[in-house]
Amino acid sequence: MKNKKKNKILENIRLLSAGAKGVSVGKTEEGKTVIVSGAVPGDLVNVRVKKSKSNYFEGEAIEILEYSEHRVQPKCIHFGTCGGCKWQNIAYEKQLDFKHSEVVNNIKRIGGVSDFETIPILGSKEQYFYRNKMEFSFSNSRWLTQYEISSEENFGNRDALGFHIPGMWSKILDLKECYLQEDPSNQIRLAVKKYAVENGLEFYDVKAQEGFLRTLMLRQNSKGDWMVLFQLYKEMESERIRLFDYLLSQFPQIKTLVFAINPKGNDSIYDLDIQTYFGEGYLFEEMDGLQFKIGPKSFFQTNYKQALELYRKTLEFADLSGDQVVYDLYTGTGTIAQYVARNAKQVIGIEAVQEAIDAAKEHAEINGLKNCTFYCGDMKDIFNDEFLANHPKADVLITDPPRDGMHPKVVEQILKLSPEKIVYVSCNSATQARDIALLKDSYELVKILPVDMFPQTHHVENIALLLKK
């Protein structure tokens, strides 16, 4: 019976809208919801059911009977395989429409509020080449397409440098091109691979946990300076130096080159010792007169230009006159805190990661901001009654939590703090809406502004302004 349900085919399903995580949503003739992957809104499809619940089906499109008018030709040859840029086949204006609708629907349905101003979504001027940081993996066993496997051809060298295939931790797609980061990103990656293959450098074997070249990270700032970070599974000094010197001779844009030896079972860099081979080991980024020092471990918004727009709008929502005390929860490296500090009396930032707080303090010193104070600790633990008693009352509270939203204890403390104004920045409008529902007895949702930080994907940020009733 189970297999029969899984093999069920739904025919002639018109996909009406976009759903969470980039899926498309349609209805059966009986009115039951169908959640579909592998198609776009507007398509007419046949669907193989993967999951059957009392109120919805979940499945994949196995045949497209009519193509949506919203479809466009994807730019990238890897579209549909690499797992990124899943909306490259949807016209950008429709992407914005779908994102805007998702945010509004979540706020109304989950947040339980309906009377608020919705500012039209702020689209990104750059729809491609907008990322300032990319990470690639080396593998000695590149992903083979079904066509290649069926050909029974011997492919010989299977070294790859690219992205993990979704859901397959040991398989790497060998990238020929990528439209996420501007050049010389593609040239650097291709040059590294070509040099490594021609000089017999070992690509990492993720299953056997052996090899030499493990990961490559490319980072840039808005001035066109580049940072290159290599993770190497083991030290091979002479090979490493020759590779690094070759790369530096080919790309004068590289202002710093750093590396780490990583024999661990994972690629996380945060517990690794980063060594500087060339340059300062960091880049500087400027945002409306503020300077931020970006190292290999630094968190910084990956879409610089759109992040700047996000911060400007956050400041606009806060509407500071210079004499307010501002709390910035989940402050990260203090970017928003410092962006608003020039218009505030005092800013208090809280963040769980010590390295981020250290960076926030350093940035405040670099920028000559004397009115910023930063604290480190788990938000639900440090943001308690004692903290509120020992610090000035907030006039304005800004919060920018991770995708899971705010812990109920944090919401409880915000209600105790009772600021006049809350500016809630979120990368997940569903959890944002849930938190707004918890605040709505004491706060009125005045307006929201969705912001598209990641074109060609389903991800969307949202800024919400809440005023004390």
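The text that follows walks through the structure, step by step, so that each part is easy to find. (Residues numbered from 1 in each chain as written. Predicted model: local features only at pLDDT ≥ 70, side-chain atom pairs only at ≥ 80, totals over all residues. Heavy atoms only, no water.)

## Focus on the overall build of the protein
A tally of helices and strands in the protein yields twelve helices and 22 strands. Over its C-alpha atoms the protein spans a radius of gyration of 24 Å, differing by no more than 12% from the 23 Å that the globule rule assigns to 469 residues. Based on the C-alpha atoms only, the size of the protein along its principal axes is roughly 70 × 65 × 40 Å. The buried share of the protein, reckoned over its 469 residues, is 52%. (Helix = DSSP H or I, 4+ residues; strand = E, 2+ residues; numbered from the N terminus. Rg over C-alpha atoms; globule rule 2.2 N^0.38 Å. Buried < 20%, exposed > 50% of the residue type's maximum accessible area, 1.4 Å probe, protein only.)

## Overview of the environment of Phe 116
With respect to the helices and strands, the residue Phe 116 is situated in the loop between α2 (92-109) and β6 (117-118). Residue classification places Phe 116 among the buried residues on the basis of a relative accessible area of 12%. Measuring from C-alpha to C-alpha, the distance between Phe 116 and Ile 172 comes to 46 Å, with 56 residues separating the pair along the chain. With sequence-adjacent residues up to four places away left out, Phe 116 is seen in contact with Ile 107, Lys 108, Leu 445, Val 446 and Ile 448. (Contact = heavy atoms within 4.5 Å.)

## Some words on the layout of surface pockets
Empty space within the largest pocket amounts to approximately 920 Å³. If you go around the largest pocket, you meet 33 residues; those closest to its centre are Phe 299, Phe 300, Gly 332, Thr 333 and Ala 356. Only α7 (335-341) and α8 (354-366) provide two or more residues apiece to the lining of the largest pocket. Sorting elements by how many residues they give to the lining of the largest pocket places α8 first, with six residues. Of the residues assigned to the lining of the largest pocket, the class counts are 14 nonpolar, nine polar and ten charged. (1 Å grid on protein atoms, 1.4 Å probe; cavity = no way out; pocket = protein on both sides within 12 Å on 5 of 7 lines; lining within 4 Å. Points joined across faces, edges and corners; volume = space filled by probe spheres on them. Nonpolar A, V, L, I, M, F, W, Y, C, P; charged D, E, K, R; others polar.)

## Brief notes about empty space enclosed by the protein
Tallied over the full model, the rule gives one cavity of 30 Å³ or more. For the lining of the largest cavity, the residue count by class is three nonpolar, four polar and two charged.

## Focus: the packing of α2 against helix α12 (residues 429-439)
Taken N-terminus to C-terminus, the directions of α2 and α12 make an angle of 25°; their axes are 8 Å apart at the nearest point. The angle between α2 and α12 places the two elements in the roughly parallel class. Seen along the crossing, α2 lies across α12 with a hand that is right-handed. Across the interface between the two elements, Glu 102, Val 103, Asn 106 and Ile 107 from α2 touch Ser 429, Ala 430, Gln 432, Ala 433 and Ile 436 from α12. Split by residue class, the contact of α2 with α12 holds five nonpolar, three polar and one charged. (Axes fitted to C-alpha atoms, helices over the stretch in contact; angles between N-to-C directions. Parallel < 35°, antiparallel > 145°, perpendicular 65-115°, else oblique. Left-handed = near helix turned anticlockwise from the far one by under 90°.)

## Details of the nonpolar core
With 74 residues, the main nonpolar core has Leu 213, Leu 216, Phe 230, Leu 247 and Ile 254 as its most contacted residues. With eight residues, the single largest contributor to this core is helix α6 (residues 304-318). Excluding residues within four positions of it along the chain, Leu 213 makes contact with Phe 138, Ala 196, Leu 201, Glu 202, Phe 203, Tyr 204, Gln 231, Leu 232 and Leu 243. Formed by 37 residues, the second largest nonpolar core is a distinct cluster that contains Leu 96, Leu 329, Leu 388 and Ile 422. (Core = buried A, V, L, I, M, F, W, Y, C linked by side-chain atoms within 4.5 Å.)

## As for the sheet that holds strand β19 (residues 396-399)
For sheets, the rule is that strands pair by backbone hydrogen bonds, running either parallel or antiparallel. Read from one edge of the open sheet, eight strands run β6-β21-β22-β20-β19-β16-β17-β18, paired in mixed fashion. The open sheet has two edge strands, β6 and β18 (372-376), and neither has a second partner. Its contacts with the sheet put α2 on β6, β21 (443-451) and β22 (461-468), and the angle it makes with β21 is roughly 165°. (Pairing = 2+ DSSP bridges.)

## Some remarks on helix α11 (residues 408-417)
For α11, the complete set of buried residues consists of Val 410, Val 411, Gln 413, Ile 414 and Leu 417. Angular distribution of buried residues about the axis of α11 spans 160°; they occupy a single face of the element. Just downstream of α11, Ser 418 is the residue with a positive phi angle, here 55°. (Arc of directions from axis to C-beta.)

## Digging into the sheet that holds strand β3 (residues 33-37)
Taken together, the five strands give a closed barrel; going around it, the order is β1-β2-β3-β5-β4, and neighbouring strands pair in mixed fashion. Each neighbouring strand pair of the sheet contributes to a mean axis angle of 50°, computed without reference to strand direction. Both strand β4 (residues 44-52) and strand β5 (residues 56-66) contribute to a ladder of eight bridges, which runs antiparallel. Across the sheet, Arg 48 pairs through a bridge with Glu 60, a residue of β5.

## Things to note about the packing of aromatic side chains
Counting across every chain of the model gives 17 aromatic pairs. Both rings, one in Phe 138 and one in Phe 203, keep their centres 5.3 Å apart while their planes meet at 80°; by these two values the pair is edge-to-face. With Phe 138 in strand β7 (residues 133-139) and Phe 203 in the loop between α4 (185-198) and β10 (213-220), this residue pair connects regions lying 65 residues apart in the sequence. With respect to class, Phe 138 is no different from Phe 203; both count as buried. On the basis of an interplanar angle of 45° and a centroid distance of 6.0 Å, the ring pair of Tyr 311 and Tyr 339 is categorised as tilted. Taken together, the residues span a long stretch of sequence, with Tyr 311 in helix α6 and Tyr 339 in helix α7 at a distance of 28 residues. Accessibility classification places Tyr 311 together with Tyr 339 in one group, the buried group. By way of ring pairs, the aromatic residues Phe 230, Phe 244, Phe 259 and Tyr 277 are connected into one cluster. Directly above the ring of Tyr 339 sits Arg 342, whose terminal nitrogen or CZ lies 5.7 Å from the centroid. (Phe/Tyr/Trp six-rings, centres within 6.5 Å; stacked < 30°, edge-to-face > 60°. Lys NZ or Arg CZ within 6 Å of the ring centre and 35° of its normal.)

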